[in-house]
Amino acid sequence: MLDYIIDETISFLGDMPKSKRKKKGQFFTSKAIAVFMADMFDIENLHGDVSILDPGAGTGILSIALIEKLLDSNVVNTISLTCYETDDEVFPILQKNIRYVKEVLGDKFTCNILKEDYILSQEHDFNNDLFANEKPIKYDLIIANPPYLRIMRDDPIAHAVSEVVHGAPNLYFIFASMSLFNLKENSEMVYIIPRSWTSGAYFKSFRKYLFKYGKIKQMHLFVSRDKVFNEEEVLQETMIIKVKKTTEKQNNIIISSSESSSDFNNISRIEVPYNSIVSGDDLYVYLPTSEKDMDVIKKINIYEKTLPDEGMKMKTGIVVDFRQWQELRKEPGDHTLPLFYSQHIKNGRVNHLPSGKEYDWIIDEKPSLIQRNKNYVFCKRFTAKEENRRLQCGIYTPTDFSEYKYIGTQNKINFVDMIDGSEMDLNTTYGVFALLNTTLFDMYYRILNGSTQVNSTEINNIPVPPMFLIKRIGERVLQSDDLSTKNCDKIVLEEAYA
């Protein structure tokens, strides 16, 4: 059956441009991924009549993969499937595929195909309002490849699940939240979704909801940087999660990984303590793929205090150049100050050579757009996936720009500063740079965050050595006059992580 559905899907996709699917956030699952996702379910305790929900069914690939697994296991008598699909072009293909499955399975199979918005059709039940069902429908198994599409905060869908929404939400985690609500107690759902939900303020409400009502049993990560949806234009890194609806404490979690999405023959698995993956306050989810990654987490977490605890904080650059273009200048002059971009961070230092931008200068008329010329550690906010390091930092010293009392920082850099507004001494500046410049901290951040953006909030939550060690590290790096990662690795490991 699955081969038939795959063939029908390939035929359908041949007539539909990728750009059109991308606008809808629509990316179809391969056979290899569908079979792997179906195999993730624990079905030993299922028997009799089993209900399945596929809230973003597409052409039915995931549903049929799961149905074939259930049939092969001989644990069920009948299967009932509920599918949601709103796309006018996809819906007829789904209907055709389900008719085929019904012909094959006969009375063992029933299906309800709904041409409705999954979220809006469930919102009253989710919010438990006046129109809610006393007994909303719950399912034994839920499997999904939800749409990956950013929506506006005032979208009706966002209002429907306001409990989990912060900022401009993405449909994928709204679908996951609603699915957890639709799941029976002690039942499982398997989702393929971007990795971005595991950290950052935008997804905090979702994480709180997820861990309030469910627990992750397994996460599957793709080690390769190749796209999971090989034929699609998906930029986000993707993962597969299995969630059990339970409030019971979990001791361990399985982290599996494969090199790519097309080869599941060489899968590595590690079973690790649940609390080492899901932080105690449910703010972050770590994504290790090996014992080496776990060692990095353990090593960093030997300390408890963070940069803010030590009186420092990473902040985001102030100037949003496309908004404040009237204050920007192409050339220096009276009442103009240097404006620093990420392009000015090179080899551990900060320069002010031409950045390639149109404007490298800013006028000094608006105090809210400028900051004191003093010691900072600058850090790029965005890096390319193929770059070796995620954390790319540079030491900024005011003596290099001594003619200026103030400077400007563009929004695509972060900078570390003292919380009270005072100036970091030179040893502290070099010490903070050395930490962020190590292989250890770069690996930790990659485990913490699956995106290419360096989030200041996340940096501020990473445990760091106490201030006296930061100063000692900085003093040694300063005296060595060597800002290389190799030197920083050596000094930081000897002083703080021996």
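Residues numbered from 1 in each chain as written. Predicted model: local features only at pLDDT ≥ 70, side-chain atom pairs only at ≥ 80, totals over all residues. Heavy atoms only, no water.

### Some details on the overall build of the protein chain
Alright, step 1. Across its full length, the protein chain carries 16 helices and 20 strands.
Alright, step 2. The C-alpha atoms of the protein chain give a radius of gyration of 26 Å, which matches the 23 Å a tight globule of 498 residues would have.
Alright, step 3. On the principal axes, the C-alpha backbone points of the protein chain span a range of 85 × 50 × 45 Å.
Alright, step 4. Taken over 498 residues, the protein chain has a buried fraction of 56%. (Helix = DSSP H or I, 4+ residues; strand = E, 2+ residues; numbered from the N terminus. Rg over C-alpha atoms; globule rule 2.2 N^0.38 Å. Buried < 20%, exposed > 50% of the residue type's maximum accessible area, 1.4 Å probe, protein only.)

### Description of the sheet that holds strand β4 (residues 139-144)
Alright, step 1. Reading across from one edge, β3-β2-β1-β4-β5-β7-β6-β8-β9 is the order of the 9 strands in this open sheet, with mixed pairing throughout. Each edge of the sheet is formed by a strand with only one pairing partner; in this case those strands are β3 (109-114) and β9 (268-273). Direction aside, the axes of adjacent strands within the sheet are offset by 15 degrees on average.
Alright, step 2. With 2 bridges joining them, strand β1 (residues 49-54) and β4 adopt parallel strand pairing. Directly across from I52, in β4, lies its bridge partner L141. (Pairing = 2+ DSSP bridges. Axes fitted to C-alpha atoms, helices over the stretch in contact; angles between N-to-C directions.)

### A closer look at the packing of helix α8 (residues 171-182) against helix α9 (residues 204-213)
Alright, step 1. Packing of α8 against α9 brings their axes to within 10 Å, and their N-to-C directions diverge by 20 degrees. On the basis of the axis angle, α8 is roughly parallel to α9. Helix-helix and strand crossings are classified by hand; for α8 and α9 the assignment is left-handed. Contacts from F173, A176, S177, L180 and F181 in α8 reach F206, Y209, L210 and Y213 in α9. (Parallel < 35°, antiparallel > 145°, perpendicular 65-115°, else oblique. Left-handed = near helix turned anticlockwise from the far one by under 90°. Contact = heavy atoms within 4.5 Å.)

### Details of empty space enclosed by the protein
Summary: where empty space remains is shown by rolling a probe the size of a single water molecule over the atoms.
Alright, step 1. Tallying each qualifying case throughout the model produces 1 cavity of 30 Å³ or more.
Alright, step 2. What the largest cavity holds in volume is close to 50 Å³.
Alright, step 3. In this structure, the largest cavity is lined by L307, V432, L435, L436, F441, I459, I462 and V464.
Alright, step 4. Sort the elements by how many residues they give to the lining of the largest cavity and helix α12 (residues 426-436) lands first, with 3 residues.
Alright, step 5. For the lining of the largest cavity, the class distribution of residues is 8 nonpolar, no polar and no charged. (1 Å grid on protein atoms, 1.4 Å probe; cavity = no way out; pocket = protein on both sides within 12 Å on 5 of 7 lines; lining within 4 Å. Points joined across faces, edges and corners; volume = space filled by probe spheres on them. Nonpolar A, V, L, I, M, F, W, Y, C, P; charged D, E, K, R; others polar.)

### Considerations on helix α16 (residues 485-496)
Alright, step 1. Relative to the 16 Å expected for 12 residues at 1.5 Å per residue, α16 spans 16 Å between its end C-alpha atoms, a close match to the ideal helical length.
Alright, step 2. Listing the buried residues of α16 in full gives N487, C488, D489, I491, V492, E495 and A496.
Alright, step 3. Among the structural elements, α12, α13 (439-448) and α15 (467-480) are those in contact with the buried residues of α16. (Expected span 1.5 Å × (residues − 1).)

### As for the side chain of N414
Alright, step 1. Turning to its location among the elements, N414 is positioned in strand β20 (residues 413-418).
Alright, step 2. A distance of 3.3 Å separates a polar atom in the side chain of N414 from a polar atom in the side chain of T316.
Alright, step 3. Contact partners of N414, with chain neighbours within four places excluded, come to M314, K315, T316, G317, V377, F378, C379, R381, V454 and S456. (Polar contact = N/O pair within 3.5 Å; in protein donor to acceptor, adjacent residues only side chain to side chain.)

### Let's talk about the side chain of N182
Alright, step 1. Checked against the element boundaries, N182 lands in helix α8.
Alright, step 2. Within the structure, N182 has its side chain in polar contact with the backbone oxygen of I137 (distance 3.5 Å).
Alright, step 3. With residues near it in sequence (within four places) discarded, N182 still touches L53, Y118, Q122, I137, K138, Y139 and I142.

### Some points on the environment of K31
Alright, step 1. Considering the arrangement of structural elements, one finds K31 in helix α3 (residues 31-39).
Alright, step 2. It is 7.0 Å that separates the C-alpha atoms of K31 and I6, two residues lying 25 residues apart in sequence.
Alright, step 3. With sequence-adjacent residues up to four places away left out, K31 is seen in contact with L2, D3 and I6.

### A look at the pairing of β4
Alright, step 1. Most of β4 is tucked away: 6 of the 6 residues are buried.
Alright, step 2. In this sheet, strand β5 (residues 183-194) lies alongside β4 in parallel orientation, the contact comprising 5 bridges. Across the sheet, L141 pairs through a bridge with E188, a residue of β5.

### What to know about the pattern of salt bridges
Charged atoms that come close allow side chains of opposite charge to pair.
Alright, step 1. The full count for this structure, using the stated rule, is 18 salt bridges.
Alright, step 2. Ionic pairing is found between K242 and E188, a salt bridge with its closest N-O pair at 3.9 Å. Highlighted residues: K242 in strand β7 (residues 238-244) and E188 in strand β5, separated in sequence by 54 residues.
Alright, step 3. Look at K242 and you get buried, because its relative accessible area is 5%.
Alright, step 4. By relative accessible area, which is 7% here, E188 ends up buried.
Alright, step 5. For D481, the salt bridge is made with R349, and the minimal N-O distance between the two is 3.9 Å. Within this pair, whereas D481 is found in the loop between α15 and α16, its partner R349 is found in strand β14 (residues 349-350), the two being separated by 132 residues in sequence.
Alright, step 6. Under the relative-accessibility criterion, D481 is labelled exposed at 62%. (Salt bridge = Lys/Arg side-chain N within 4 Å of Asp/Glu carboxyl O.)

### Quick look at the sheet that holds strand β15 (residues 361-363)
Adjacent strands of a sheet pair through backbone hydrogen bonds, lying either parallel or antiparallel.
Alright, step 1. Taken together, the 5 strands give an open sheet; going across it, the order is β11-β15-β12-β19-β16, and neighbouring strands pair in mixed fashion. Each end of this open sheet is capped by a strand with a single partner; those strands are β11 (328-329) and β16 (371-372).
Alright, step 2. Summarising the sheet, β16 and strand β19 (residues 406-409) pair through 2 bridges and their orientation is antiparallel. Bridged to R372 within β19 is Y406.

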